[in-house]
Amino acid sequence: PEWQKLIPTEFNTFAHFDTVEAIKAVNSLKALSDNPKAYPIDLTIGEGKLVMANPDDKGQAELSADTDGQGFVRIDGKYLTEALKACGGMVDFSLASASSPMLFSLDGYRLVVMPMLTEKAQAEAKAKAEQAKAESTTEPEAEKPKGKRRAKEPVTA
């Protein structure tokens, strides 16, 4: 299969941060979660920091990061931890939108993680789709030829 097509190529939000500090933050948020087996984490990127927060407002952690752009995404805490452990060291994080795949990269190693769907992500995706629809030029459809109708056969009893 052509798996390269699954890796996003265009992004508008970037962060460069330490995975060791990020794993510590994720573990702290996991401890505050009601369900340590399924714990979503909201990532907010911008203004020189990466903010990780529990969606239930039970806690948050801020990491210093080199950032470019601003963005928000929700990710499963377990997937985030696994991605951070796989990358190790200082990782580059790239994001296009709250509903598109995230890319973690380090020294040529690339890891794609899908976000969790949120109302904010759905609204963003819907607005983007409507904008694309409005911007696209629609060509008038050629009139389809009508098929011949078969005459109804008389019912005999």
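Presented here is a report on the structure given in the accompanying data block. (Residues numbered from 1 in each chain as written. Predicted model: local features only at pLDDT ≥ 70, side-chain atom pairs only at ≥ 80, totals over all residues. Heavy atoms only, no water.)

1. Observations regarding the pairing of strand 3 (residues 49-53)
Then, number 1: The buried count for strand 3 comes to 4 of 5 residues, which makes it a mostly enclosed element.
Then, number 2: Linkage of strand 2 (residues 40-46) to strand 3, two consecutive antiparallel strands, is achieved through a turn of 2 residues, within which Glu47 is found at a positive phi near 55 degrees.
Then, number 3: The hairpin turn running from strand 3 into strand 4 (residues 60-64), its antiparallel successor, is 6 residues long, and Asp57 in that turn takes a positive phi close to 60 degrees. (Buried < 20%, exposed > 50% of the residue type's maximum accessible area, 1.4 Å probe, protein only. Helix = DSSP H or I, 4+ residues; strand = E, 2+ residues; numbered from the N terminus. Pairing = 2+ DSSP bridges.)

2. Details of the pattern of salt bridges
Then, number 1: Taken as a whole and judged by the stated rule, the model has 5 salt bridges.
Then, number 2: Of the charged contacts, one joins Lys24 and Glu21 as a salt bridge, the two residues approaching to 3.8 Å between their closest N and O atoms. Taken together, the residues Lys24 and Glu21, both in helix 1 (residues 19-32) and 3 residues apart, mark about one turn of the helix.
Then, number 3: One salt bridge connects Lys58 with Asp34, and the closest N-O pair in it is separated by 2.3 Å. With Lys58 in the loop between strand 3 and strand 4 and Asp34 in the loop between helix 1 and strand 2, this residue pair connects regions lying 24 residues apart in the sequence.
Then, number 4: Residue classification places Lys58 among the partly exposed positions, given a relative accessible area of 35%. (Salt bridge = Lys/Arg side-chain N within 4 Å of Asp/Glu carboxyl O.)

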